[in-house]
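Letter by letter, the chains look like this.
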Amino acid sequence: LCVFVSNSFAKGDHPISVEMWGGLKSKDVELLKQLTIATKEDNFDQALFIVNSIQNNKSEFTPVAKNIVLWAKYSKREIDARKISFSDISRFVNDNSFLPNIAELRKNVEKVAVVNNIPYSFSEQYFKNYPAVNTGSKIYLLKSKIDYLNRLQKESEREKLITDIQAEVSNIWVNGNFSIE
């Protein structure tokens, strides 16, 4: 959307009718231009603020624009993991598993989990759906599970987690790539 809007307005042509834009007002079109600039400049907080300022009649427009901004933010090769919420990025990946660069997005989720030292109790559901990809993340997740195990009181849950940890240690040892990633 942002690329289309910027290219369309840069060329001076407006191939989409007002009806197809879903009732965007001229003020909203101006906000779209600002949104494009903010996204291109990696100013994602400003871009999200602009998305929330758009007042169109179609309720589908704002969530789509927000997802485009979040996709751009979370797809950066060099994300600042300390500034990204694990719950936000993991929810985005769960909700958008169809994206073509899902493998890169998953690597960024893992990076956020490791850098922010996310406890296993918070990351458990995500990593059940999307097992860790790189060896460093697998080892981090294993350590996180062990820490969780040490605090766990229910014996039945402890036994299952011990079995899972043993299987993961074997898997990492046998299948792990211990080269520098």
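Calculation notes
- Residues numbered from 1 in each chain as written.
- Predicted model: local features only at pLDDT ≥ 70, side-chain atom pairs only at ≥ 80, totals over all residues.
- Heavy atoms only, no water.
- Phe/Tyr/Trp six-rings, centres within 6.5 Å; stacked < 30°, edge-to-face > 60°.
- Helix = DSSP H or I, 4+ residues; strand = E, 2+ residues; numbered from the N terminus.
- Salt bridge = Lys/Arg side-chain N within 4 Å of Asp/Glu carboxyl O.
- Buried < 20%, exposed > 50% of the residue type's maximum accessible area, 1.4 Å probe, protein only.
- Expected span 1.5 Å × (residues − 1).
- Arc of directions from axis to C-beta.
- Axes fitted to C-alpha atoms, helices over the stretch in contact; angles between N-to-C directions.
- Parallel < 35°, antiparallel > 145°, perpendicular 65-115°, else oblique.
- Left-handed = near helix turned anticlockwise from the far one by under 90°.
- Contact = heavy atoms within 4.5 Å.
- pLDDT = per-residue confidence, 0-100.

## Overview of the packing of aromatic side chains
- Scanning the entire structure with this criterion turns up 6 aromatic pairs.
- Each ring, one from Phe 86 and one from Phe 127, has its centre 6.4 Å from the other, and the planes form 25°; the classification is stacked. Of this pair, Phe 86 sits in helix α5 (residues 86–95) while Phe 127 sits in helix α7 (residues 120–129), placing them 41 residues apart in sequence.

## Side note on the pattern of salt bridges
- Taken as a whole, this structure holds 9 salt bridges when the rule is applied.
- Residue Lys 160 is joined to Asp 164 by a salt bridge in which the shortest nitrogen-to-oxygen separation is 3.2 Å. Of this pair, Lys 160 and Asp 164 are both found in helix α9 (residues 155–175), 4 residues apart, which corresponds to roughly one turn of the helix.
- According to the relative accessible area criterion, Lys 160 is exposed, its value standing at 54%.
- What makes Asp 164 partly exposed here is its relative accessible area of 27%.

## Observations concerning helix α2 (residues 26–40)
- Compared with an ideal rise of 1.5 Å per residue, which puts 15 residues at 21 Å, α2 spans 21 Å between its outermost C-alpha atoms and is within 8% of the ideal.
- Regarding α2, the residues found buried are Asp 28, Val 29, Leu 31, Leu 32, Leu 35, Thr 36, Ala 38 and Thr 39.
- Remark: Asp 42 follows α2 within two positions and exhibits a positive phi of approximately 60°.

## Quick notes on unusual backbone geometry
- Not every positive phi belongs to a glycine, and Asp 42 is a case in point at roughly 60°.
- Tracing the backbone through its elements, the reader meets Asp 42 in the loop between α2 and α3 (44–53).
- Since its relative accessible area comes to 38%, Asp 42 is described here as partly exposed.
- In this structure, Asn 117 is a non-glycine residue whose phi angle is positive, near 50°.
- In this structure, Asn 117 sits in the loop between α6 (102–115) and α7.
- On the basis of relative accessible area, Asn 117 is assigned to the exposed category, the value being 54%.

## Digging into α5
- Turning to α5, its buried residues number three or more, namely Phe 86, Ile 89, Ser 90, Phe 92 and Val 93. Projection of α5 onto a plane perpendicular to its axis shows the buried side chains occupying an angular sector of 155°, all on one side.

## Re the packing of helix α8 (residues 135–151) against α9
- For the pair α8 and α9, interaxial distance at closest approach is 10 Å and the crossing angle is 160°. Between α8 and α9, the interaxial angle falls into the category roughly antiparallel. Relative to α9, α8 is oriented so that their crossing is left-handed. Where α8 abuts α9, its residues Thr 135, Lys 138, Ile 139, Leu 142, Lys 145, Ile 146, Tyr 148, Leu 149 and Asn 150 lie against Arg 158, Leu 161, Ile 162, Asp 164, Ile 165, Glu 168, Val 169 and Ile 172.

## Some thoughts on the confidence of the model for the chain
- For the chain, mean pLDDT is 81; residues scoring 70 or higher make up 80% of the total.
- For the chain, per-element mean pLDDT is lowest for helix α1 (residues 2–11), which scores 44, and highest for α5, which scores 96.
- Under a pLDDT of 50 for its full length, residues 1–20 has, in the predicted model, 26 contacts with residues more than four places off or in other chains.

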